[in-house]
Amino acid sequence: MEEFWFYIKLGLNHVLDFGAYDHILFLAALTIPFSFNSWKKIVLLATVFTIAHCVSLALSVYDMIAIDAGFIELLIPITIILTAMFNIYYLKQNTNTKNIPWHLTATAFFGIIHGFGFSNYFKMLMAEEEQKLRPLLGFATGIEISQVLIMICILGWAYLVQSKLKVKHRIFVTVASLIIVVITVPMLLEKI
């Protein structure tokens, strides 16, 4: 049980590490089109991301797939920028910014990419472990808890800005998405 808690904490720290804020930026880009009324969709997106993230970790830990870390590190900021830009695109098209089929597909694909970004470190941690499934499930639990917490914080911030400061949803999503892009571009340039 102590080992399981260790991996839960590792999952929590992985997402909540403000030094490696790419995960938080991705979650912000994914969450900002939504409101508290859509909480079930938010939890679904977080769960899909967690599952995809852990699938790529499992593929790596069990030596089924090995992907160049430099390539994955380049893809991570691209996933963040694409998610933020799709928010703006959907607003411009006057379509539903909460397009769940697109969000689920993109979230799963991007979750796989983000999982491979952490896979080398996680694989080193798992090198001494005989049983790999329990640590993987503990890590997934920590990721899921931290992601839902971050998404709730983002929804709270969005609510305050939109309701208390009277910022229209369209303006909020556009400005927040552009801020995410501006923060992410230097990360992308650094990886190039």
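### Topic: the packing of aromatic side chains
All chains considered together, the criterion is met by seven aromatic pairs. Grouping aromatic residues by their ring pairs yields a cluster made of Phe26, Phe49, Phe109 and Phe110.

### Some details on the pattern of salt bridges
Inspection of the entire model under this criterion finds three salt bridges. With its nearest N and O atoms 3.9 Å apart, the salt bridge here joins arginine 134 to glutamate 3. Linking arginine 134 in helix 6 (residues 133-164) with glutamate 3 in helix 1 (residues 2-16), this pair joins segments that are 131 residues apart in sequence. The partner of lysine 191 in a salt bridge is glutamate 73, and the shortest N-O contact between them spans 3.6 Å. Here lysine 191 is found in helix 7 (residues 169-191), whereas its partner glutamate 73 is found in helix 4 (residues 69-92), with 118 residues between them in sequence.

### Describing the layout of surface pockets
Estimated volume of the largest pocket: approximately 410 Å³. Surrounding the largest pocket, 19 residues form its lining, His14, Ala20, Tyr21, Asp22 and Glu73 being those nearest its centre. Going through the elements one at a time, helix 1, helix 2 (22-31), helix 4, helix 5 (100-126) and helix 7 are the ones with two or more residues in the lining of the largest pocket. Considering each element in turn, the lining of the largest pocket owes the most residues, four residues, to helix 5. Classifying every residue of the lining of the largest pocket by side-chain character gives eight nonpolar, six polar and five charged.

### A look at helix 6
Compared with an ideal rise of 1.5 Å per residue, which puts 32 residues at 46 Å, helix 6 spans 46 Å between its outermost C-alpha atoms and is within 8% of the ideal. A positive phi of about 60° marks lysine 166, the residue just after helix 6.

### Topic: a nonpolar patch on the surface
A cluster of nonpolar side chains, namely Tyr62, Met64, Ile65, Ile67, Phe71, Leu133 and Leu137, defines an oily patch on the protein surface of about 670 Å² accessible area. Following the sequence through the fold, leucine 137 ends up in helix 6.

### Some remarks on the packing of helix 2 against helix 7
Here helix 2 crosses helix 7 at 150°, and the two axes come no closer than 11 Å. Considering their axes alone, helix 2 and helix 7 lie roughly antiparallel with respect to each other. Here helix 2 runs over helix 7; the crossing is left-handed. Residues Asp22, Leu25, Ala28 and Ala29 of helix 2 pack against Ile180, Ile183, Thr184 and Met187 of helix 7. Its residues placed into classes, the contact of helix 2 with helix 7 shows six nonpolar, one polar and one charged.

### Considering unusual backbone geometry
For aspartate 63, which is not glycine, the phi torsion reads 55° and is therefore positive. Residue placement: aspartate 63 occurs in the loop between helix 3 (39-61) and helix 4. On the basis of relative accessible area, aspartate 63 is assigned to the exposed category, the value being 58%. At lysine 166, a position not held by glycine, the phi torsion is positive, near 60°. Secondary-structure assignment places lysine 166 in the loop between helix 6 and helix 7.

### Describing the confidence of the model for the chain
Chain-level pLDDT for the chain is 87 on average; 96% of the residues reach the 70-or-more range. Per-element confidence in the chain is highest for helix 7, whose mean pLDDT is 95, and lowest for helix 5, whose mean pLDDT is 84.

### Comments concerning the packing of helix 2 against helix 6
Contact geometry of helix 2 with helix 6 gives a least axis separation of 10 Å together with a crossing angle of 55°. On the basis of their axis angle, the class for helix 2 and helix 6 is oblique. Remark: the crossing between helix 2 and helix 6 carries right-handed chirality. Contacts between helix 2 and helix 6 involve His23, Ile24, Leu27, Ala28, Leu30 and Thr31 on the former and, on the latter, Gln147, Ile150, Met151, Ile154 and Leu155. Here the residues of the contact of helix 2 with helix 6 sort into eight nonpolar, three polar and no charged.

So, how was this worked out
- Residues numbered from 1 in each chain as written.
- Predicted model: local features only at pLDDT ≥ 70, side-chain atom pairs only at ≥ 80, totals over all residues.
- Heavy atoms only, no water.
- Phe/Tyr/Trp six-rings, centres within 6.5 Å; stacked < 30°, edge-to-face > 60°.
- Salt bridge = Lys/Arg side-chain N within 4 Å of Asp/Glu carboxyl O.
- Helix = DSSP H or I, 4+ residues; strand = E, 2+ residues; numbered from the N terminus.
- 1 Å grid on protein atoms, 1.4 Å probe; cavity = no way out; pocket = protein on both sides within 12 Å on 5 of 7 lines; lining within 4 Å.
- Points joined across faces, edges and corners; volume = space filled by probe spheres on them.
- Nonpolar A, V, L, I, M, F, W, Y, C, P; charged D, E, K, R; others polar.
- Expected span 1.5 Å × (residues − 1).
- Patch = residues over 30% accessible without salt bridge, like charges linked within 9 Å, V, L, I, M, F, W, Y side chains within 5 Å.
- Areas by Shrake-Rupley, 256 points an atom, 1.4 Å probe, with all protein chains shown as cover.
- Axes fitted to C-alpha atoms, helices over the stretch in contact; angles between N-to-C directions.
- Parallel < 35°, antiparallel > 145°, perpendicular 65-115°, else oblique.
- Left-handed = near helix turned anticlockwise from the far one by under 90°.
- Contact = heavy atoms within 4.5 Å.
- Buried < 20%, exposed > 50% of the residue type's maximum accessible area, 1.4 Å probe, protein only.
- pLDDT = per-residue confidence, 0-100.

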